[in-house]
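Geometric and topological summary
As a plain string of letters, each chain reads:
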Amino acid sequence: MKRIVYLTFYFQPDLCAGSFRNSPLAIELAKQAREKDIIVDVYTTLPNRYSTFEQSAPKFEEEGNLRIHRISLPAHKSGMLDQVFSFKTFYLEVIKLNKNKRPDLVFASSSRLFTAYLGYTIAKKSNSPLYLDIRDIFVDTMSDVFKSKILKLGILPILKLIENKTFNYAKHINLISGGFKSYFSKFKNTEFTFYTNGIDEEFLVSFSSIEKKDKIISKKSIVYAGNIGEGQGLHKVIPHAANELGSEFEFTVIGDGGTKKLLNDEIEKLSLCNVVLKKPVNRKELQVIYNNADYLFIHLNDYPAFRKVLPSKIFELATFGKPIIAGVSGFAAEFIKNEVSDSYVFEPCNSKQLVEFLKTDMPSNSIDREEFKLKYKRSYINKLMAKSILSYT
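Residues numbered from 1 in each chain as written. Predicted model: local features only at pLDDT ≥ 70, side-chain atom pairs only at ≥ 80, totals over all residues. Heavy atoms only, no water.

**Overview of a positive patch on the surface**
The criterion, for reference: Within this analysis, patches are made of residues with over 30% relative accessible area and no salt bridge. Like charges are joined at 9 Å or less; nonpolar side chains (Val, Leu, Ile, Met, Phe, Trp, Tyr) at 5 Å or less. Accessible surface area values rest on a Shrake-Rupley calculation with a 1.4 Å probe, where residue burial reflects the displayed protein chains alone. By salt bridge we mean one thing: a side-chain nitrogen of Lys or Arg within 4 Å of a carboxyl oxygen of Asp or Glu. Counting rule applied: Lys, Arg positive; Asp, Glu negative; His and chain ends not counted. For this purpose, a charge sits on NZ of Lys, CZ of Arg, CG of Asp or CD of Glu. A run of DSSP states H or I qualifies as a helix once it reaches four residues; a run of E qualifies as a strand once it reaches two. Both are numbered from the N-terminal end. Throughout this description, buried means an accessible area under 20% of the type-specific maximum (1.4 Å probe, protein chains only), exposed means over 50%, and partly exposed covers the range between.
A contiguous patch of positive charge on the surface is contributed by Lys31, Arg34, Lys377 and Lys383. On the secondary structure map, lysine 377 appears in the loop between helix H13 (370–375) and helix H14 (378–390). Residue lysine 377 is classed as partly exposed on the basis of its relative accessible area, which comes to 31%.

So this is what it looks like as structure tokens:
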């Protein structure tokens, strides 16, 4: 019987874009693979995305031809060194579990390059085809994030070497953002697709059926939910905007991450009462919070690498009948302007533009994005992508 090795660092019930993308895709892939007598072995981790959100899951699950192997990681706080040690544990354990087992295809979904490199390692050793799903250009991002010249000169060349080996070996690379196309044009012997992120079933319900609470106060609420890291740069925009807007507005930030302390420090420094930080919540609770907000917020730091990305959060937020405020640039900015009605795009980290918009805008109560929902339904995208993956077996 043929076997597909499916690699993803995050999987259900973890709360993050990697989990939301790969959990339904793996299930759809297994469904289609069943007709060809192919086993899908998913190698992932036990829930670990946020130290403040604990969710139990079995180390091994098997349902028909889908087998899920979850690897336990050391406790971490989302810092860079923590992530390095976590991935080392994942890498070594997956190699061990696949010792003397030859896959017919290796599939890896990766945002930080190293899951893709793990896929390359297994595929190269067994002379198997490699299909990659790339959710971020890690080398590009790190060249922006690294402040130290020593780190740039010492680590970036190594990362580029790993990237070249991995991407040049792959038979097929899927890019979730059309903005990545120019970067990947240097890899000549690879086929490309652009199956983007999509909308999960739980966000396709009518927002009118989700709990709506009567407002006791007249504050306009702006909600952000997701990772709080250097990539999001929330500490550079939310405190300053909240300080300018005053008590008529309230920002609610739900999540965790490496720069949460920086954000909290800025809030305390400005003695702000209109920014509320909350721990991560499950998706059902999040739907209620979104449905009771006046605005939904997304933001990326002002790094050149982020001009190429397309955040998965856009698809989630656009299912609600709420105005979307997006501090993004490049491909994401164009996508939102062209595809998402009732949205406002401002320059990343430009709190002045954000304030000017909020002071003059009147949020709409009659937003219809049904066309967007139909176009970007994740189940439809997954069917096409699973078929593409299976064409290499």
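After presenting the structure, the write-up continues.
**Re the sheet that holds strand E8 (residues 191–193)**
Note the threshold: Should DSSP find at least two bridges between two strands, the strands are taken to pair. Only the stretch in contact is used when fitting a helix axis, every axis being a line fitted to C-alpha atoms; angles between N-to-C directions are given from 0 to 180 degrees.
In space, the eight strands of this open sheet follow the order E3-E4-E2-E1-E5-E6-E7-E8, with mixed pairing throughout. Lying at the two open borders of the sheet, with one neighbouring strand each, are strand E3 (60–63) and E8. Taking the axes of each pair of neighbouring strands and ignoring which way they run, one obtains an average angle of 15 degrees across the sheet. Across six bridges, strand E2 (residues 38–45) lies against strand E4 (residues 66–71) in parallel orientation. Looking at the pairing, valine 42 lines up with isoleucine 68 of E4.

**As for unusual backbone geometry**
Backbone phi values are negative for most residues with the exception of glycine, while trans is the configuration of most peptide bonds. Residues glutamine 12 and proline 13 are joined by a peptide bond in cis, for which omega reads 10 degrees. Tracing the sequence through the fold places proline 13 in the loop between strand E1 (2–8) and helix H1 (17–34). Positive phi, normally seen in glycine, also occurs at leucine 113, with a value near 75 degrees. Mapped onto the secondary structure, leucine 113 falls in the loop between strand E5 (105–110) and helix H3 (114–126). Of the residues examined, leucine 113 reaches a relative accessible area of 4% and is grouped as buried.

**Remarks on the packing of helix H2 (residues 80–97) against H3**
To characterise two packed helices, one gives the angle between the axes of the helices and the distance between these axes. The condition that has to hold: To sort the angles, those under 35 degrees are grouped as roughly parallel, those over 145 as roughly antiparallel, those from 65 to 115 as roughly perpendicular, and the leftovers as oblique. Whether a crossing is left-handed or right-handed is set by the direction in which the near helix is turned from the far one by less than a right angle, anticlockwise for left-handed and clockwise for right-handed. The contact criterion used is simple: two residues touch if any of their non-hydrogen atoms lie within 4.5 Å. Basically, the charged four are Asp, Glu, Lys and Arg, the nonpolar ten are Ala, Val, Leu, Ile, Met, Phe, Trp, Tyr, Cys and Pro, and anything else, Gly included, counts as polar.
In contact at an axis separation of 11 Å, H2 and H3 are set at 20 degrees when each is read in the N-to-C sense. In terms of their interaxial angle, H2 and H3 are classed as roughly parallel. The two elements H2 and H3 cross, and the hand of that crossing is right-handed. For the pair formed by H2 and H3, the contact residues are Phe87, Phe90, Tyr91, Val94 and Ile95 on the first element and Phe114, Thr115, Tyr117, Leu118, Thr121 and Ile122 on the second. Residue composition of the contact of H2 with H3, grouped by class: nine nonpolar, two polar and no charged.

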